[in-house]
Amino acid sequence: MAVRQAVTTRRADEQDLPTLAALRRSWSEEQAGHPLYDDSFEEQFTHWYQTEAARRVIFLAEIDDAVVGMINLVIFERMPRPGRPASRWGYLSNAYVLASHRDHGVGTALLNTLVSDAHNRGCARIVLAPSDRSVPFYQRAEFGPATMLLARVLTT
């Protein structure tokens, strides 16, 4: 039986930009099935991060000080209503674990950290658009159909 290594999670910050970009590149290349050459990607990623940082919380998973995964939560503040406390909700996105570290508790550690953070922020709910492969993972974590939402797809 394989011994599981200790997984730690932490909030990412601007110092982690190269690592975040490398994870995103790895994910994209895994999906494409081949290397992707784009000399402007890191610059585009940095611009995206700087634009999104105010409303997005990104967590990293580490094993022996090596980053092996990420997950993030986009925070949406609801418009205030008279007589009701402020409220918000979160959109879970960009969950990724390096292939060599999957099925060893990394995704669970990241998800638990994100859910705890969302709860501490007073989020009413967390929603996500899972891949077919990840649906059982999220179902085990008590996520269910989002029957209270509708969507209109604008692009394919």
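We now turn to the structure provided with this report. Everything quoted here is computed from the prediction, not taken from an experiment. (Residues numbered from 1 in each chain as written. Predicted model: local features only at pLDDT ≥ 70, side-chain atom pairs only at ≥ 80, totals over all residues. Heavy atoms only, no water.)

1. Some thoughts on the overall build of the protein chain
Reasoning step 1: Within the protein chain, the regular secondary structure consists of four helices and five strands.
Reasoning step 2: Overall, the protein chain shows an N-to-C arrangement of helices and strands of β-α-α-β-β-β-α-β-α.
Reasoning step 3: Expected size for 156 residues packed as a compact globule is a radius of gyration near 15 Å; at 17 Å, the protein chain falls within 12% of this value.
Reasoning step 4: Dimensions of the protein chain, computed from C-alpha atoms along their principal axes, come out at roughly 50 × 45 × 30 Å.
Reasoning step 5: When the 156 residues of the protein chain are sorted by exposure, 33% land in the buried category.
Reasoning step 6: When the accessible surface of the protein chain is summed, it comes to about 10700 Å², and 52% of that surface belongs to carbon and sulfur atoms. (Helix = DSSP H or I, 4+ residues; strand = E, 2+ residues; numbered from the N terminus. Rg over C-alpha atoms; globule rule 2.2 N^0.38 Å. Buried < 20%, exposed > 50% of the residue type's maximum accessible area, 1.4 Å probe, protein only. Areas by Shrake-Rupley, 256 points an atom, 1.4 Å probe, with all protein chains shown as cover.)

2. Details of the packing of aromatic side chains
Reasoning step 1: In this structure the tally under the stated criterion is six aromatic pairs.
Reasoning step 2: Ring centres of Phe45 and Trp48 lie 5.3 Å apart, and the angle between their planes is 45°; this geometry places the pair in the tilted category. Of this pair, Phe45 and Trp48 both sit in helix H2 (residues 41–52), separated by three residues, roughly a single helical turn.
Reasoning step 3: Ring geometry for Tyr138 and Phe143: centres 5.7 Å apart, planes at 75°, overall edge-to-face. Per residue, the accessibility class of Tyr138 equals that of Phe143, and both read buried.
Reasoning step 4: Members of the aromatic cluster, each reached through a chain of ring pairs, are Phe41, Phe45 and Trp48.
Reasoning step 5: A cation over an aromatic ring shows up here: Arg24 above the ring of Trp27, its NZ or CZ 4.6 Å from the ring centre. (Phe/Tyr/Trp six-rings, centres within 6.5 Å; stacked < 30°, edge-to-face > 60°. Lys NZ or Arg CZ within 6 Å of the ring centre and 35° of its normal.)

3. Notes on the side chain of Asp117
Reasoning step 1: Tracing the chain through its elements places Asp117 in helix H3 (residues 106–120).
Reasoning step 2: Looking at Asp117, its side chain comes within polar contact range of the side chain of Arg121, at 2.6 Å.
Reasoning step 3: With near-sequence residues (within four places) excluded, Asp117 lies in contact with Val57, Phe59 and Leu73. (Polar contact = N/O pair within 3.5 Å; in protein donor to acceptor, adjacent residues only side chain to side chain. Contact = heavy atoms within 4.5 Å.)

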